[in-house]
Amino acid sequence: MARKSSGASGVLILAALILAALAELIKNYWPALLVIGGIGVAVWLFRKSAAQSPVPQQDGSITLRVSVGSDYDSDARDYSYSGRQKPTIRDGDELWLPAGKSVTVGGYLLNGGLLYVGKGLAGGNGWQIESALIDPALPVNQGEDDYTARKLDYWPSYSEASRDARASYLNWLSKGRSDPGADIGYVFMYFYGLERRALVDAASSAAAKAELPAIMREVERLLAMYGDNYSFQGYAGSLLDFLKAGQAQPHCQDSPPPLSPNGGLTFTHRLCLGQMSSLRRALPGEWAYIWLMGDRTTQLRTAAQRCPDEFKRAFIEQYAREFGDGMLLPQNKTRLKVSHQPASPSFHGQPHIEKDFDLPDVTVLSSPMKKLQGIAESCMAQLDAYSRFLGRNPDKAESADALLELPFSLWPEKYRQPLENIRATIKTAGKPLATKFERLQGLFPDWHEANRQKYMSLSRALSEAGMGIEPDVKFGGKVPTPDATVVIFSDESIQSYREPSLEYGAASLTLHLAVSVSAADGDVGNEERQLLLQQLEDWLHLNESARRRLQAHLRLLMTEPPGTNNLKKRIEALSITARQAIGEFLTQVAKADDEVTPAEVKLLEKIFKMLGLETQSVYSLLHGPAGAPVTVRPSDAGTSGFAIPRPPKPKEAGIELDMGRIAALHAESEKVSAILGEIFVEETVRVESEPEAQEAEPEVHDSVMGLDEEHTELVRILCTRPEWTRDELEELAQDRGILLDGTLERINEAAFDTFDQPFGEGDDPVEINQEVVKEMLQ
């Protein structure tokens, strides 16, 4: 018994020691023990809940019935869902719904196919569920299916979306996937499936590869609908280019394909431009225009936007004038590449994909584009007046007012052809054409009233057609009345002389005064006419264009002899020497036919009085010797001019001028012309049209990260690829005349200021930060 008692005591002592140790352990480590206990309770509760749940199958999964369109699968499909999934299927063909098929998910009928439907499909990186996979087992909330509201994360995924977001996505799909008001997140989620099918499945599946054309058409449709979103525009356009690059290289025609739905150049455009550069083939006008319109640095003003057809025609015509058959493109070092950074988060961790071509990428150069943009600026300036008129009068595009503001080459054929016929007639006849102004007005639609601005527009249009008109407001003329005479003359170089020179002004004023005196007796005699025409030929210091205009001007003066009322102020500003020169010349004109009438004497007296000369001197000059030319020596030296000859006595057969005397007169021409030029300067025929109210052009705010235009343009080029070699970047910098290292540093500083991360990293190659690119697109 003693031994038994001793044993029991030992057990009690041992138990007490264990309890004491446990108490000390709890005292010192109770927080950790409490956590362990909580985990144990949670596990117990979970097991108990699972044991009480319905188990229709041995694997504990829930079975859903999904109805599918009869043209796709007459039997129901079974899908299982048992919490967060792991990829179990890598073959996309198993879960892909082809184009034209339908399926019902969560009560929404999804027509058109081009979807992944099922569970367990691996994404592009192979280790996560495909973001575009529609799992019918996941619950949706049909009462909250407004797809215009933002309900998705930045990287949308169907399996990770809320019930409301899933319902909204299914609703958008069921409504035709085309509502422009849809949140862009649903568009992206749908696009993720197209992207996976084209990049993953098509690499190994013949069926998927055969679907690529349909997928590209669908992406183009989405771009046309949602291309205003820069982020979607960038990713969808990039995928299109990459897929097209995998097809056979196109044969580049003279007429280029249209721009992408978002208005940019496609891969086909870049490829064909590279081929033209490599083959040294001239760039056709249509291609030059499409390149201009698709370049991101091109900024079109209101005239080009309001009048697109006229702008295109004007651009192609001027391009042909400057480059003939076309501009030869440089052969730069930067090779043509097409790359794509997948948009889907299911591709995270995967590098971008890229294809290289042994062709130059001329679209990265700025020098050819600057030439094209220079032509565009000129064309927009030509269309400004026409555009402003249409802005004020949109319903009068075919009126005379609108037509006269349009460059002649852009006129409709029915209005352009009559003027071209007039030009041909003048050339055939070899002399100017005099007609009533109302007959010229009749060639235009509804032109009943002529004002200064409209008449100046007519003169400009005629000059573009290789013709001139007298009177011309810019050359001192007045707007004619409908029954007044106008003289039209041919001059192919007239556009080079649209402003009067000093010599022209002096010569035209001399003709004005001479015809006034000649017609004082009611008629311009044949001798006087021949003298003035001969004098035109002898003014060798005048260019051919000026002589052609003076011939027309002289014909107009002889048709309707001018008065002298508007000359008084000009004459008053002349020096006495210049006035004497004019007086002596006019008396010589009066004596040209050896008969001076009382009317001519009376007009000479009037002019002499205006000149401030003694009226009695008229008689002494008329009766003076006729042997030597009148020579006027001004008080200050002149630099240019013409001679005023005294007419010789005519013979019965007509006028026979003393050419020796004319040669002597030419020796004094410089000084005389300088004096008569003073008259022209004072009158100044450079009539300025009243300033027209300019249409305010919208300001273009297209800066990236606060950079200036030059750096912004370069950033946009760099964003087109995920990486650039040092040589390629050096070529870009050299083309733009900038220092590469300083430019990259400036861009990186702007990126840090805007996004807290660099834009480019590395030295050779320089990798473009795709996170920054995505933020910029957003």
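Predicted model, so just to flag it, every value in this text is computed and none were measured.

Calculation notes
- Residues numbered from 1 in each chain as written.
- Predicted model: local features only at pLDDT ≥ 70, side-chain atom pairs only at ≥ 80, totals over all residues.
- Heavy atoms only, no water.
- Helix = DSSP H or I, 4+ residues; strand = E, 2+ residues; numbered from the N terminus.
- Buried < 20%, exposed > 50% of the residue type's maximum accessible area, 1.4 Å probe, protein only.
- Contact = heavy atoms within 4.5 Å.
- Areas by Shrake-Rupley, 256 points an atom, 1.4 Å probe, with all protein chains shown as cover.
- Core = buried A, V, L, I, M, F, W, Y, C linked by side-chain atoms within 4.5 Å.
- pLDDT = per-residue confidence, 0-100.
- Pairing = 2+ DSSP bridges.
- Expected span 1.5 Å × (residues − 1).
- Axes fitted to C-alpha atoms, helices over the stretch in contact; angles between N-to-C directions.
- Parallel < 35°, antiparallel > 145°, perpendicular 65-115°, else oblique.
- Phe/Tyr/Trp six-rings, centres within 6.5 Å; stacked < 30°, edge-to-face > 60°.
- Disulfide = S-S within 2.5 Å.
- Salt bridge = Lys/Arg side-chain N within 4 Å of Asp/Glu carboxyl O.

**Things to note about the overall build of the chain**
Right, so step 1: Check the secondary structure of the chain and you find 28 helices and 14 strands.
Right, so step 2: Every one of the 778 residues in the chain was classed for burial, and the buried ones make up 48%.
Right, so step 3: Sequence-distant contacts in the chain: of pairs separated by 6 or more residues, those separated by 24 or more amount to 70%.
Right, so step 4: Surface exposure of the chain reaches about 38,400 Å², of which carbon and sulfur atoms provide 52%.

**Here we look at the nonpolar core**
Right, so step 1: Core analysis: the largest hydrophobic core is formed by 65 residues, its most contacted members being Ile134, Tyr169, Trp172, Phe191 and Phe232.
Right, so step 2: Among the elements that take part in this core, helix α3 (residues 184–199) stands out by supplying 11 residues, more than any other.
Right, so step 3: In this view, tryptophan 172 contacts Tyr147, Arg177, Ser178, Asp179, Ala182, Tyr186, Val187, Tyr190 and Tyr226; residues no more than four positions away in its chain are not counted.
Right, so step 4: Residues Met380, Met456, Leu462 and Val473 belong to the second largest nonpolar core, which totals 59 residues.

**Looking at the confidence of the model for the chain**
Right, so step 1: Per-residue pLDDT for the chain has a mean of 77; in total, 76% of the residues score no lower than 70.
Right, so step 2: Averaged over each element, pLDDT in the chain is lowest for strand β1 (residues 62–66) (32) and highest for strand β6 (residues 115–116) (96).
Right, so step 3: In the model, residues 48–83 has pLDDT below 50 throughout and makes 53 contacts with residues more than four positions away in sequence or in other chains.
Right, so step 4: Of the regions scoring below 50 in pLDDT, residues 626–692 engages in 128 contacts with residues more than four places distant in sequence or in other chains.

**With respect to the sheet that holds strand β13 (residues 760–761)**
For sheets, the rule is that strands pair by backbone hydrogen bonds, running either parallel or antiparallel.
Right, so step 1: Read from one edge to the other, the open sheet built from three strands follows the order β12-β14-β13, with strand pairing classed as antiparallel. The strands lining the two open edges of the sheet, one partner per strand, are β12 (723–724) and β13.
Right, so step 2: As judged from the two bridges shared by β13 and strand β14 (residues 766–768), these two strands associate in the antiparallel manner. Each residue of the ladder has a partner; that of glutamate 761, found in β14, is glutamate 767.

**With respect to helix α25 (residues 709–718)**
Right, so step 1: For α25, the buried fraction is high: seven of the 10 residues fall into the buried class.
Right, so step 2: Listed in full, the buried residues belonging to α25 are His711, Thr712, Glu713, Leu714, Val715, Ile717 and Leu718.

**Re helix α2 (residues 163–174)**
Right, so step 1: Between the first and last C-alpha of α2 there are 16 Å, a value that for 12 residues agrees with the 16 Å anticipated at 1.5 Å per step.
Right, so step 2: The set of residues buried in α2 consists of Ala165, Arg166, Ala167, Ser168, Tyr169, Leu170, Asn171, Trp172 and Leu173.
Right, so step 3: Those residues of α2 that are buried are in contact with β4 (102–105), β5 (108–111), β6, α3 and α5 (212–226).
Right, so step 4: Just past α2, the residue glycine 176 takes up positive phi, approximately 100°.

**Things to note about the packing of α2 against α3**
Right, so step 1: Put simply, α2 and α3 touch, their axes get as near as 10 Å, and they point 75° apart. The angle between α2 and α3 falls in the class roughly perpendicular. On α3, the residues touching Ala165, Ser168, Tyr169, Trp172 and Leu173 of α2 are Tyr186, Val187, Met189 and Tyr190.

**Quick word on the packing of aromatic side chains**
Right, so step 1: The full count for this structure, using the stated rule, is 22 aromatic pairs.
Right, so step 2: Pairing tryptophan 172 with tyrosine 190 gives two aromatic rings, centres 5.9 Å apart and planes at 70°, and the pair type is edge-to-face. Here tyrosine 190 lies in helix α3 and tryptophan 172 lies in helix α2, a separation of 18 residues in the sequence.
Right, so step 3: Using a relative accessible area of 0% as the deciding quantity, one classes tryptophan 172 as buried.

**Brief notes about the state of the cysteines**
Simply put, the disulfide is a covalent bond whose two ends are the sulfur atoms of two cysteines.
Right, so step 1: Overall, the coordinates contain one disulfide when judged by the stated rule.
Right, so step 2: Two residues share a disulfide in this structure: cysteine 252 and cysteine 272, whose sulfurs sit 2.0 Å from each other. Negative torsions about the S-S bond denote left-handed disulfides, and the value of about -90° found for cysteine 252 with cysteine 272 makes this one left-handed. Here cysteine 272 lies in helix α7 (residues 267–279) and cysteine 252 lies in the loop between α6 (230–245) and α7, a separation of 20 residues in the sequence.
Right, so step 3: Its relative accessible area of 8% is what places cysteine 252 among the buried residues.
Right, so step 4: On the basis of relative accessible area, cysteine 272 is assigned to the buried category, the value being 2%.

**Some points on the pairing of strand β11 (residues 485–490)**
Right, so step 1: Summarising burial for β11: six of the six residues are buried, a large majority.
Right, so step 2: Relative to β11, strand β9 (residues 433–436) is paired through four bridges, and the arrangement is antiparallel. Note on β11: the bridge partner recorded for threonine 435 is valine 486.
Right, so step 3: Where strand β10 (residues 467–470) meets β11, four bridges bridge the pair, whose relative direction is antiparallel.

**What to know about the pairing of β5**
Right, so step 1: The two faces of β5 differ: Tyr108 and Leu110 on one face are buried, but Leu109 and Asn111 on the other face are not.
Right, so step 2: Between β4 and β5, which follow one another and run antiparallel, lie two residues, and glycine 106 among them has a positive phi close to 60°.

**As for the sheet that holds β11**
Right, so step 1: Strand order in the open sheet made by the three strands is β9-β11-β10, with antiparallel pairing throughout. Of all the strands in the sheet, the pair left with one neighbour each is β9 and β10. In this sheet, neighbouring strand axes are inclined to one another by 30° on average, regardless of whether the strands run parallel or antiparallel.
Right, so step 2: The strands touched by helix α13 (residues 413–429) are β9, β10 and β11; relative to β11, the strand with the most contacts, the crossing angle is about 75°.
Right, so step 3: Contacting β9, β10 and β11, helix α18 (residues 544–559) runs over the sheet at an angle of about 160° to β11.

**Brief notes about unusual backbone geometry**
Right, so step 1: A cis amide bond links glutamate 470 to the next residue, proline 471, at an omega of 5°.
Right, so step 2: Locating proline 471 in the fold gives a position in the loop between β10 and β11.
Right, so step 3: In the Ramachandran plot, arginine 177 falls in the positive-phi region, its phi being about 60° despite a non-glycine side chain.
Right, so step 4: Its place among the elements puts arginine 177 in the loop between α2 and α3.

**Structural notes on the environment of glycine 762**
Right, so step 1: Secondary-structure assignment places glycine 762 in the loop between β13 and β14.
Right, so step 2: C-alpha separation for the pair glycine 762 and arginine 726, spaced 36 residues apart in sequence, amounts to 9.9 Å.

**Quick word on the pattern of salt bridges**
Right, so step 1: Applying the stated criterion to the full structure yields 22 salt bridges.
Right, so step 2: The closest approach of N and O atoms between lysine 427 and glutamate 492, which form a salt bridge, is 2.7 Å. In this pair, lysine 427 sits in helix α13 while glutamate 492 sits in the loop between β11 and α16 (502–518), placing the two residues 65 residues apart along the sequence.
Right, so step 3: Look at lysine 427 and you get partly exposed, because its relative accessible area is 47%.
Right, so step 4: Connected via shared salt-bridge partners are Asp93, Glu130, Arg196, Arg197, Asp201 and Glu211.

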